[in-house]
Amino acid sequence: MLAKRIIPCLDVKDGRTVKGVNFVDLRDAGDPVELGSLYAQKGADELTFLDITATVEKRKTLSQLVKRIAEHIHIPFTVGGGIRTVDDVRVMLECGADKISINSEAVKNPSIIDAMSMEFGSQCVVCAVDTKYNGRFWEVYVHGGRTPTGIRTLDWVKEVESRGAGELLLTSMDHDGTKDGFALELTREVSSLVSVPVIASGGAGTMGHFVDIFTEGKADAALAASIFHFHEIDIAELKEYIRSHDVVIR
Amino acid sequence: MNQQVAIVKYNAGNIWSMSCALKRLGVDYIVTDDPKELSSAQKVIFPGVGEASTAMRYLRERGLDEVLRDLKQPFLGVCLGLQLMCSHSEEHDTTCLGIFDEPVRRFPVGLKVPHMGWNTLFDLKSDLFTGITSESYVYFVHSYYAAAGPDSIALCDYMLPFSAALQKDNFFGVQFHPEKSGAIGEQILKNFLALESDTKSEADHV
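So, here is what we can say about the structure in this document.

Thresholds applied
Residues numbered from 1 in each chain as written. Chains lettered and ligands numbered in written order. Predicted model: local features only at pLDDT ≥ 70, side-chain atom pairs only at ≥ 80, totals over all residues. Heavy atoms only, no water. Salt bridge = Lys/Arg side-chain N within 4 Å of Asp/Glu carboxyl O. Helix = DSSP H or I, 4+ residues; strand = E, 2+ residues; numbered from the N terminus. Buried < 20%, exposed > 50% of the residue type's maximum accessible area, 1.4 Å probe, protein only. Expected span 1.5 Å × (residues − 1). Arc of directions from axis to C-beta. Contact = heavy atoms within 4.5 Å. Disulfide = S-S within 2.5 Å. Phe/Tyr/Trp six-rings, centres within 6.5 Å; stacked < 30°, edge-to-face > 60°.

What follows covers the pattern of salt bridges. Pairing between side chains of opposite charge can happen when their charged atoms approach one another. Scanning the model with the defined rule gives 24 salt bridges over all chains in all. Residues B:Lys112 and A:Asp220 are paired through a salt bridge, measuring 2.8 Å at the closest nitrogen-oxygen approach. Separated into two different chains, B:Lys112 in the loop between strand S7 (104-106) and strand S8 (115-120) and A:Asp220 in the loop between helix H8 (207-215) and strand S11 (221-224) make up a pair that spans both. Neither residue differs from the other here; B:Lys112 and A:Asp220 are each classed as buried. Each member of the salt-bridge network shares a partner with another, and the members are A:Arg5, A:Glu46, A:Lys99 and A:Glu167.

Here's what the structure looks like:
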(Lines give C-alpha, C1' and ligand atoms only; values in the text may rest on other atoms or scores of the structure.)
Protein backbone atom coordinates (compact mmCIF):
# COMPACT_ATOMS: atom_id res chain seq x y z
CA MET A 1 0.00 0.00 0.00
CA LEU A 2 1.12 3.51 -0.74
CA ALA A 3 2.17 5.07 2.56
CA LYS A 4 1.13 8.44 3.95
CA ARG A 5 4.09 10.80 4.14
CA ILE A 6 5.55 12.91 6.95
CA ILE A 7 7.41 15.97 5.68
CA PRO A 8 9.46 18.23 7.96
CA CYS A 9 9.83 21.74 6.59
CA LEU A 10 13.05 23.70 7.11
CA ASP A 11 13.12 27.45 6.72
CA VAL A 12 16.39 28.59 5.24
CA LYS A 13 17.85 32.08 5.15
CA ASP A 14 21.18 32.85 3.50
CA GLY A 15 21.95 29.13 3.45
CA ARG A 16 21.23 28.61 7.17
CA THR A 17 18.30 27.09 9.00
CA VAL A 18 16.26 29.61 10.92
CA LYS A 19 13.45 29.42 13.42
CA GLY A 20 14.13 27.73 16.70
CA VAL A 21 16.11 24.74 15.77
CA ASN A 22 17.03 23.25 19.08
CA PHE A 23 18.86 19.96 18.77
CA VAL A 24 21.48 18.82 21.19
CA ASP A 25 22.64 16.03 18.92
CA LEU A 26 23.71 18.28 16.07
CA ARG A 27 27.14 19.79 15.72
CA ASP A 28 25.72 22.67 13.74
CA ALA A 29 21.99 23.11 14.14
CA GLY A 30 22.03 25.92 11.62
CA ASP A 31 23.21 23.67 8.83
CA PRO A 32 20.19 22.58 6.78
CA VAL A 33 22.09 19.57 5.45
CA GLU A 34 22.86 18.23 8.88
CA LEU A 35 19.37 18.81 10.21
CA GLY A 36 17.84 17.30 7.06
CA SER A 37 20.04 14.21 7.37
CA LEU A 38 18.95 13.74 10.96
CA TYR A 39 15.29 13.92 9.95
CA ALA A 40 15.92 11.47 7.12
CA GLN A 41 17.54 9.03 9.55
CA LYS A 42 14.59 9.33 11.89
CA GLY A 43 12.22 8.34 9.12
CA ALA A 44 11.10 11.55 7.42
CA ASP A 45 9.63 10.56 4.05
CA GLU A 46 10.59 13.76 2.26
CA LEU A 47 11.99 17.15 3.16
CA THR A 48 10.93 20.63 2.17
CA PHE A 49 13.38 23.51 2.21
CA LEU A 50 11.77 26.90 2.11
CA ASP A 51 14.13 29.71 1.20
CA ILE A 52 13.18 32.98 2.83
CA THR A 53 16.25 34.89 1.68
CA ALA A 54 15.18 38.34 0.68
CA THR A 55 17.80 39.41 -1.79
CA VAL A 56 18.52 38.10 -5.23
CA GLU A 57 22.32 38.17 -4.74
CA LYS A 58 22.07 35.79 -1.87
CA ARG A 59 20.04 33.32 -3.92
CA LYS A 60 23.29 31.89 -5.29
CA THR A 61 23.83 30.52 -1.82
CA LEU A 62 20.62 28.55 -2.31
CA SER A 63 21.79 26.66 -5.39
CA GLN A 64 25.02 25.76 -3.61
CA LEU A 65 22.99 24.57 -0.65
CA VAL A 66 20.66 22.51 -2.84
CA LYS A 67 23.70 20.78 -4.35
CA ARG A 68 24.99 19.90 -0.90
CA ILE A 69 21.58 18.60 0.16
CA ALA A 70 21.40 16.37 -2.92
CA GLU A 71 24.87 15.03 -2.25
CA HIS A 72 24.13 14.07 1.33
CA ILE A 73 20.45 13.23 1.57
CA HIS A 74 19.01 10.08 0.05
CA ILE A 75 15.29 10.86 0.24
CA PRO A 76 13.28 13.19 -2.03
CA PHE A 77 13.23 16.91 -1.30
CA THR A 78 11.38 20.00 -2.46
CA VAL A 79 12.75 23.51 -2.68
CA GLY A 80 10.46 26.52 -2.45
CA GLY A 81 10.62 30.24 -1.92
CA GLY A 82 10.97 32.89 -4.58
CA ILE A 83 10.80 30.53 -7.57
CA ARG A 84 9.35 32.53 -10.47
CA THR A 85 10.60 31.35 -13.82
CA VAL A 86 11.21 28.17 -15.79
CA ASP A 87 14.91 28.95 -15.47
CA ASP A 88 14.64 29.15 -11.67
CA VAL A 89 13.18 25.65 -11.77
CA ARG A 90 15.86 24.38 -14.12
CA VAL A 91 18.61 25.61 -11.80
CA MET A 92 17.05 23.91 -8.77
CA LEU A 93 16.47 20.61 -10.59
CA GLU A 94 19.97 20.64 -12.03
CA CYS A 95 21.31 21.18 -8.53
CA GLY A 96 19.47 18.02 -7.49
CA ALA A 97 16.09 19.10 -6.12
CA ASP A 98 13.34 16.57 -6.87
CA LYS A 99 10.51 19.09 -6.82
CA ILE A 100 10.03 22.82 -6.56
CA SER A 101 7.13 24.65 -5.04
CA ILE A 102 5.59 27.87 -6.29
CA ASN A 103 3.09 30.08 -4.57
CA SER A 104 2.63 33.83 -5.17
CA GLU A 105 4.00 33.71 -8.69
CA ALA A 106 1.42 31.09 -9.68
CA VAL A 107 -1.39 33.41 -8.62
CA LYS A 108 0.15 36.40 -10.37
CA ASN A 109 0.89 34.46 -13.53
CA PRO A 110 -1.00 31.12 -13.60
CA SER A 111 0.36 30.08 -17.00
CA ILE A 112 3.78 29.65 -15.38
CA ILE A 113 2.43 26.38 -13.94
CA ASP A 114 1.71 25.12 -17.47
CA ALA A 115 5.17 26.19 -18.62
CA MET A 116 6.95 24.51 -15.72
CA SER A 117 5.06 21.23 -15.89
CA MET A 118 5.38 21.11 -19.68
CA GLU A 119 9.12 21.56 -19.44
CA PHE A 120 9.94 19.33 -16.47
CA GLY A 121 6.85 17.19 -15.84
CA SER A 122 4.02 17.57 -13.33
CA GLN A 123 5.77 15.36 -10.80
CA CYS A 124 8.21 18.14 -9.89
CA VAL A 125 5.76 21.05 -9.70
CA VAL A 126 4.22 21.53 -6.26
CA CYS A 127 1.74 24.37 -5.98
CA ALA A 128 1.62 25.89 -2.50
CA VAL A 129 -1.73 27.40 -1.55
CA ASP A 130 -2.06 29.60 1.55
CA THR A 131 -5.65 30.06 2.57
CA LYS A 132 -7.84 31.67 5.21
CA TYR A 133 -11.59 31.54 5.81
CA ASN A 134 -13.03 35.02 5.26
CA GLY A 135 -16.46 34.30 6.72
CA ARG A 136 -17.89 33.40 3.33
CA PHE A 137 -15.29 31.19 1.66
CA TRP A 138 -11.72 29.92 1.92
CA GLU A 139 -9.69 32.66 0.25
CA VAL A 140 -6.25 32.34 -1.35
CA TYR A 141 -3.53 34.56 0.14
CA VAL A 142 -0.12 35.42 -1.29
CA HIS A 143 3.13 37.09 -0.20
CA GLY A 144 3.61 34.87 2.81
CA GLY A 145 -0.01 35.26 3.85
CA ARG A 146 -0.04 39.08 3.79
CA THR A 147 -2.16 39.71 0.72
CA PRO A 148 -5.71 38.43 0.13
CA THR A 149 -6.50 37.74 -3.52
CA GLY A 150 -10.28 37.33 -3.57
CA ILE A 151 -9.77 33.94 -5.21
CA ARG A 152 -11.75 30.97 -3.90
CA THR A 153 -9.42 28.20 -2.77
CA LEU A 154 -11.72 25.47 -4.06
CA ASP A 155 -11.64 27.04 -7.56
CA TRP A 156 -7.94 27.70 -7.45
CA VAL A 157 -6.93 24.12 -6.60
CA LYS A 158 -8.90 22.83 -9.60
CA GLU A 159 -7.23 25.40 -11.83
CA VAL A 160 -3.67 24.64 -10.73
CA GLU A 161 -4.32 20.93 -11.16
CA SER A 162 -5.64 21.44 -14.69
CA ARG A 163 -2.60 23.57 -15.48
CA GLY A 164 -0.30 20.70 -14.53
CA ALA A 165 0.65 21.03 -10.86
CA GLY A 166 1.56 17.54 -9.67
CA GLU A 167 0.92 18.10 -5.98
CA LEU A 168 -0.71 20.66 -3.69
CA LEU A 169 0.73 22.02 -0.47
CA LEU A 170 -2.30 23.34 1.33
CA THR A 171 -1.70 25.63 4.32
CA SER A 172 -4.58 26.87 6.43
CA MET A 173 -3.46 30.18 7.90
CA ASP A 174 -6.30 29.89 10.41
CA HIS A 175 -4.69 26.75 11.81
CA ASP A 176 -0.99 27.53 11.27
CA GLY A 177 0.80 28.11 14.56
CA THR A 178 -2.20 27.19 16.72
CA LYS A 179 -1.15 23.60 17.44
CA ASP A 180 -4.87 22.81 17.58
CA GLY A 181 -4.78 20.42 14.66
CA PHE A 182 -4.90 20.59 10.87
CA ALA A 183 -7.81 21.98 8.82
CA LEU A 184 -9.63 18.67 8.47
CA GLU A 185 -12.74 19.71 6.56
CA LEU A 186 -10.93 21.97 4.13
CA THR A 187 -8.29 19.35 3.42
CA ARG A 188 -10.88 16.64 2.91
CA GLU A 189 -12.79 18.84 0.50
CA VAL A 190 -9.70 19.76 -1.50
CA SER A 191 -8.48 16.16 -1.53
CA SER A 192 -11.79 14.97 -2.97
CA LEU A 193 -11.81 17.75 -5.60
CA VAL A 194 -8.39 17.05 -7.12
CA SER A 195 -6.73 13.87 -8.28
CA VAL A 196 -3.19 14.94 -7.36
CA PRO A 197 -1.70 14.32 -3.90
CA VAL A 198 -2.47 16.88 -1.19
CA ILE A 199 0.02 17.82 1.51
CA ALA A 200 -1.68 19.35 4.55
CA SER A 201 0.14 22.01 6.51
CA GLY A 202 -0.58 24.19 9.51
CA GLY A 203 -1.81 23.32 12.98
CA ALA A 204 0.07 20.17 13.96
CA GLY A 205 0.40 20.01 17.73
CA THR A 206 0.02 16.39 18.74
CA MET A 207 0.62 12.99 17.22
CA GLY A 208 -3.14 12.49 17.14
CA HIS A 209 -3.47 15.46 14.79
CA PHE A 210 -1.45 13.57 12.19
CA VAL A 211 -3.69 10.53 12.45
CA ASP A 212 -6.74 12.82 12.06
CA ILE A 213 -5.44 14.57 8.96
CA PHE A 214 -4.76 11.22 7.26
CA THR A 215 -8.00 9.51 8.26
CA GLU A 216 -10.59 12.32 8.44
CA GLY A 217 -8.73 14.90 6.36
CA LYS A 218 -7.83 12.42 3.57
CA ALA A 219 -4.42 14.08 3.16
CA ASP A 220 -1.69 12.18 1.33
CA ALA A 221 1.07 13.82 3.32
CA ALA A 222 1.42 16.12 6.32
CA LEU A 223 3.99 18.87 6.70
CA ALA A 224 5.13 20.47 9.93
CA ALA A 225 8.05 22.56 11.12
CA SER A 226 8.35 23.80 14.68
CA ILE A 227 7.06 20.72 16.49
CA PHE A 228 9.92 18.78 14.91
CA HIS A 229 12.52 21.52 15.33
CA PHE A 230 11.66 22.05 19.00
CA HIS A 231 11.75 18.34 19.71
CA GLU A 232 8.11 18.36 20.72
CA ILE A 233 7.45 15.40 18.49
CA ASP A 234 10.07 12.86 17.49
CA ILE A 235 9.58 11.65 13.92
CA ALA A 236 10.39 8.02 14.71
CA GLU A 237 7.89 7.97 17.58
CA LEU A 238 5.31 9.80 15.49
CA LYS A 239 5.51 7.19 12.76
CA GLU A 240 5.19 4.38 15.27
CA TYR A 241 2.12 6.10 16.74
CA ILE A 242 0.48 6.60 13.36
CA ARG A 243 1.16 2.99 12.42
CA SER A 244 -0.48 1.81 15.64
CA HIS A 245 -3.64 3.63 14.48
CA ASP A 246 -3.85 1.54 11.32
CA VAL A 247 -2.65 4.24 8.95
CA VAL A 248 -0.19 2.95 6.35
CA ILE A 249 3.14 4.58 7.05
CA ARG A 250 6.70 3.66 6.15
CA MET B 1 34.42 -0.54 -4.89
CA ASN B 2 36.95 0.21 -7.51
CA GLN B 3 35.08 -0.06 -10.76
CA GLN B 4 33.81 2.21 -13.42
CA VAL B 5 30.13 2.83 -13.85
CA ALA B 6 28.75 4.63 -16.87
CA ILE B 7 25.57 6.67 -16.56
CA VAL B 8 23.85 6.98 -19.93
CA LYS B 9 23.71 10.61 -20.99
CA TYR B 10 20.52 11.48 -22.86
CA ASN B 11 17.64 13.93 -22.78
CA ALA B 12 15.60 12.30 -20.02
CA GLY B 13 18.11 11.43 -17.36
CA ASN B 14 18.00 12.72 -13.82
CA ILE B 15 21.72 12.38 -13.90
CA TRP B 16 22.55 14.51 -10.91
CA SER B 17 20.54 12.46 -8.39
CA MET B 18 22.07 9.22 -9.62
CA SER B 19 25.54 10.77 -9.66
CA CYS B 20 25.08 11.88 -6.06
CA ALA B 21 23.98 8.40 -5.01
CA LEU B 22 27.08 6.86 -6.61
CA LYS B 23 29.26 9.52 -4.98
CA ARG B 24 27.79 8.64 -1.60
CA LEU B 25 28.74 5.01 -2.24
CA GLY B 26 32.25 6.06 -3.21
CA VAL B 27 31.90 4.71 -6.75
CA ASP B 28 33.83 6.01 -9.72
CA TYR B 29 31.46 6.95 -12.55
CA ILE B 30 31.30 8.72 -15.88
CA VAL B 31 28.34 10.28 -17.65
CA THR B 32 28.54 9.47 -21.33
CA ASP B 33 26.73 8.76 -24.60
CA ASP B 34 29.86 7.44 -26.29
CA PRO B 35 29.25 3.84 -27.47
CA LYS B 36 32.83 2.80 -26.71
CA GLU B 37 32.75 4.16 -23.20
CA LEU B 38 29.37 2.55 -22.60
CA SER B 39 30.55 -0.84 -23.86
CA SER B 40 33.72 -0.83 -21.81
CA ALA B 41 32.19 0.28 -18.50
CA GLN B 42 31.74 -2.48 -15.94
CA LYS B 43 28.21 -1.40 -15.12
CA VAL B 44 25.78 0.84 -16.97
CA ILE B 45 22.99 2.84 -15.34
CA PHE B 46 20.14 4.21 -17.45
CA PRO B 47 18.24 6.75 -15.35
CA GLY B 48 15.13 8.44 -16.58
CA VAL B 49 12.65 11.14 -15.78
CA GLY B 50 10.59 12.44 -18.64
CA GLU B 51 8.41 11.35 -21.48
CA ALA B 52 8.82 8.09 -23.42
CA SER B 53 8.44 9.15 -27.08
CA THR B 54 10.79 12.13 -26.78
CA ALA B 55 13.37 9.97 -25.04
CA MET B 56 13.12 7.13 -27.61
CA ARG B 57 13.41 9.56 -30.51
CA TYR B 58 16.56 11.00 -28.98
CA LEU B 59 18.09 7.55 -28.47
CA ARG B 60 17.23 6.40 -32.04
CA GLU B 61 18.56 9.55 -33.69
CA ARG B 62 21.91 8.86 -32.08
CA GLY B 63 21.90 5.09 -32.59
CA LEU B 64 21.99 4.66 -28.81
CA ASP B 65 19.03 2.26 -28.92
CA GLU B 66 21.21 -0.34 -30.69
CA VAL B 67 24.17 0.34 -28.45
CA LEU B 68 22.16 -0.15 -25.26
CA ARG B 69 20.47 -3.35 -26.49
CA ASP B 70 23.86 -4.87 -27.30
CA LEU B 71 25.48 -4.23 -23.94
CA LYS B 72 26.72 -7.33 -22.12
CA GLN B 73 27.54 -5.98 -18.65
CA PRO B 74 25.02 -5.51 -15.83
CA PHE B 75 22.67 -2.75 -16.93
CA LEU B 76 20.18 -0.98 -14.69
CA GLY B 77 17.30 1.12 -15.99
CA VAL B 78 15.56 3.35 -13.46
CA CYS B 79 11.96 4.63 -13.67
CA LEU B 80 11.45 5.81 -17.27
CA GLY B 81 14.66 3.84 -17.93
CA LEU B 82 12.80 0.61 -17.07
CA GLN B 83 9.82 1.61 -19.22
CA LEU B 84 12.05 2.34 -22.20
CA MET B 85 13.55 -1.16 -21.86
CA CYS B 86 10.11 -2.69 -22.48
CA SER B 87 8.66 -3.40 -25.92
CA HIS B 88 5.99 -0.73 -26.05
CA SER B 89 4.64 2.13 -23.95
CA GLU B 90 1.15 3.56 -24.02
CA GLU B 91 2.74 6.95 -23.41
CA HIS B 92 2.28 8.50 -26.85
CA ASP B 93 2.11 4.98 -28.34
CA THR B 94 5.88 4.54 -28.28
CA THR B 95 7.89 1.59 -29.50
CA CYS B 96 10.66 1.08 -26.99
CA LEU B 97 13.88 -0.95 -26.78
CA GLY B 98 12.17 -4.35 -26.56
CA ILE B 99 14.44 -5.94 -23.98
CA PHE B 100 11.49 -6.91 -21.79
CA ASP B 101 8.20 -8.17 -23.25
CA GLU B 102 6.03 -6.67 -20.52
CA PRO B 103 3.87 -3.85 -21.90
CA VAL B 104 3.89 -0.37 -20.33
CA ARG B 105 0.41 0.97 -19.62
CA ARG B 106 -1.11 4.02 -18.00
CA PHE B 107 -2.61 3.50 -14.55
CA PRO B 108 -6.38 3.13 -14.77
CA VAL B 109 -8.68 5.76 -13.35
CA GLY B 110 -9.14 5.23 -9.64
CA LEU B 111 -6.50 6.29 -7.19
CA LYS B 112 -4.36 9.38 -7.58
CA VAL B 113 -1.95 9.45 -10.50
CA PRO B 114 1.04 9.84 -10.51
CA HIS B 115 1.66 7.01 -8.07
CA MET B 116 3.88 9.15 -5.86
CA GLY B 117 5.50 8.22 -2.59
CA TRP B 118 6.72 5.20 -0.64
CA ASN B 119 5.25 1.81 -1.42
CA THR B 120 6.21 -1.78 -0.62
CA LEU B 121 7.92 -4.47 -2.68
CA PHE B 122 6.92 -8.12 -2.74
CA ASP B 123 7.71 -11.35 -4.64
CA LEU B 124 11.39 -10.45 -4.68
CA LYS B 125 13.48 -12.86 -6.70
CA SER B 126 16.89 -11.69 -7.78
CA ASP B 127 20.39 -11.01 -6.49
CA LEU B 128 19.43 -7.37 -6.88
CA PHE B 129 17.41 -7.77 -3.68
CA THR B 130 19.93 -9.62 -1.51
CA GLY B 131 19.36 -8.53 2.08
CA ILE B 132 16.08 -6.80 1.21
CA THR B 133 12.95 -8.25 2.77
CA SER B 134 9.50 -8.34 1.28
CA GLU B 135 7.37 -5.35 2.37
CA SER B 136 10.38 -2.99 2.25
CA TYR B 137 9.45 0.54 1.24
CA VAL B 138 10.93 2.30 -1.79
CA TYR B 139 10.10 5.62 -3.44
CA PHE B 140 8.01 5.77 -6.63
CA VAL B 141 6.94 8.62 -8.94
CA HIS B 142 5.25 7.46 -12.14
CA SER B 143 2.01 7.50 -14.14
CA TYR B 144 2.78 4.48 -16.35
CA TYR B 145 3.73 0.99 -15.22
CA ALA B 146 5.16 -2.20 -16.69
CA ALA B 147 2.70 -5.05 -16.27
CA ALA B 148 3.60 -8.05 -14.14
CA GLY B 149 5.05 -10.82 -16.31
CA PRO B 150 7.67 -13.54 -16.65
CA ASP B 151 10.54 -11.02 -16.31
CA SER B 152 9.20 -9.54 -13.07
CA ILE B 153 11.65 -9.86 -10.17
CA ALA B 154 9.70 -7.66 -7.78
CA LEU B 155 6.09 -6.51 -7.67
CA CYS B 156 4.35 -3.54 -6.12
CA ASP B 157 0.63 -2.93 -5.72
CA TYR B 158 -1.15 0.27 -6.70
CA MET B 159 -4.69 -0.39 -7.90
CA LEU B 160 -3.17 -3.52 -9.44
CA PRO B 161 0.04 -5.51 -9.06
CA PHE B 162 2.75 -4.22 -11.44
CA SER B 163 6.46 -4.80 -12.05
CA ALA B 164 8.53 -2.89 -9.51
CA ALA B 165 11.56 -4.54 -11.10
CA LEU B 166 12.32 -6.61 -14.20
CA GLN B 167 15.28 -8.71 -15.26
CA LYS B 168 16.35 -10.52 -18.38
CA ASP B 169 19.94 -11.78 -18.55
CA ASN B 170 22.22 -8.82 -17.76
CA PHE B 171 19.39 -6.29 -18.03
CA PHE B 172 17.72 -5.01 -14.87
CA GLY B 173 15.09 -2.35 -14.54
CA VAL B 174 13.53 -0.80 -11.44
CA GLN B 175 10.43 1.37 -11.51
CA PHE B 176 11.23 3.01 -8.16
CA HIS B 177 14.10 5.40 -7.47
CA PRO B 178 16.82 3.54 -5.53
CA GLU B 179 18.80 6.80 -5.38
CA LYS B 180 15.92 8.37 -3.40
CA SER B 181 14.87 5.36 -1.36
CA GLY B 182 16.97 5.84 1.75
CA ALA B 183 18.98 2.93 3.16
CA ILE B 184 16.94 0.31 1.25
CA GLY B 185 17.64 2.01 -2.05
CA GLU B 186 21.31 2.27 -1.20
CA GLN B 187 21.45 -1.47 -0.53
CA ILE B 188 19.80 -2.22 -3.88
CA LEU B 189 22.34 -0.03 -5.67
CA LYS B 190 25.16 -1.78 -3.80
CA ASN B 191 23.73 -5.15 -4.82
CA PHE B 192 23.67 -4.04 -8.44
CA LEU B 193 27.25 -2.79 -8.23
CA ALA B 194 28.30 -6.12 -6.69
CA LEU B 195 26.95 -8.18 -9.63
CA GLU B 196 29.55 -10.04 -11.66
CA SER B 197 30.58 -8.10 -14.70
CA ASP B 198 31.53 -10.25 -17.67
CA THR B 199 32.42 -7.55 -20.19
CA LYS B 200 35.97 -8.89 -20.36
CA SER B 201 34.99 -12.48 -21.10
CA GLU B 202 32.54 -11.27 -23.73
CA ALA B 203 35.29 -9.18 -25.27
CA ASP B 204 37.57 -12.24 -25.32
CA HIS B 205 35.00 -14.22 -27.27
CA VAL B 206 34.97 -11.48 -29.90
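Our focus in this paragraph is helix H2 (residues 59-72) of chain A. End to end, H2(A) covers 20 Å across 14 residues, agreeing with the expected 20 Å (1.5 Å per residue, within 8%). Turning to H2(A), its buried residues are A:Leu62, A:Ser63, A:Leu65, A:Val66, A:Ile69 and A:Ala70. Along the long axis of H2(A), the arc covered by the buried residues comes to 160°, so they all point the same way. Exposed and oriented more than 90 degrees from the buried face of H2(A) are A:Lys60 and A:Gln64. Looking at the buried positions of H2(A), the neighbouring elements they touch are strand S1 (5-13), helix H1 (32-42), strand S3 (47-51), strand S4 (77-80) and helix H3 (86-94) of chain A together with helix H1 (15-24) of chain B.

A separate point is the state of the cysteines. Using the criterion set out here, one finds zero disulfides over all chains in the structure. You can see A:Cys124 has no disulfide; the closest cysteine sulfur is in B:Cys79, sitting 12 Å from it. Classification of A:Cys124 by relative accessible area gives buried; the value is 1%. Unpaired in this structure, B:Cys20 has its nearest cysteine sulfur neighbour in A:Cys95, at a distance of 9.9 Å. We classify B:Cys20 as buried; its relative accessible area is 1%.

This part covers the packing of aromatic side chains. Here the distance between the centres and the angle between the planes together describe a pair of aromatic rings. All names here are of chain B. Counted by the stated rule, this structure contains 16 aromatic pairs over all chains. Considering the side-chain rings of Trp118 and Tyr139, the 5.7 Å spacing of their centres and the 70° angle between planes classify their relative orientation as edge-to-face. Of this pair, Trp118 sits in strand S8 while Tyr139 sits in strand S9 (residues 137-142), and the two are 21 residues apart along the sequence. Each member of the pair Trp118 and Tyr139 is classed as buried. Joined through ring pairs, the aromatic side chains of Phe107, Phe140, Tyr145, Tyr158, Phe162 and Phe176 make up one cluster.

Geometric values such as these leave the question of function open.
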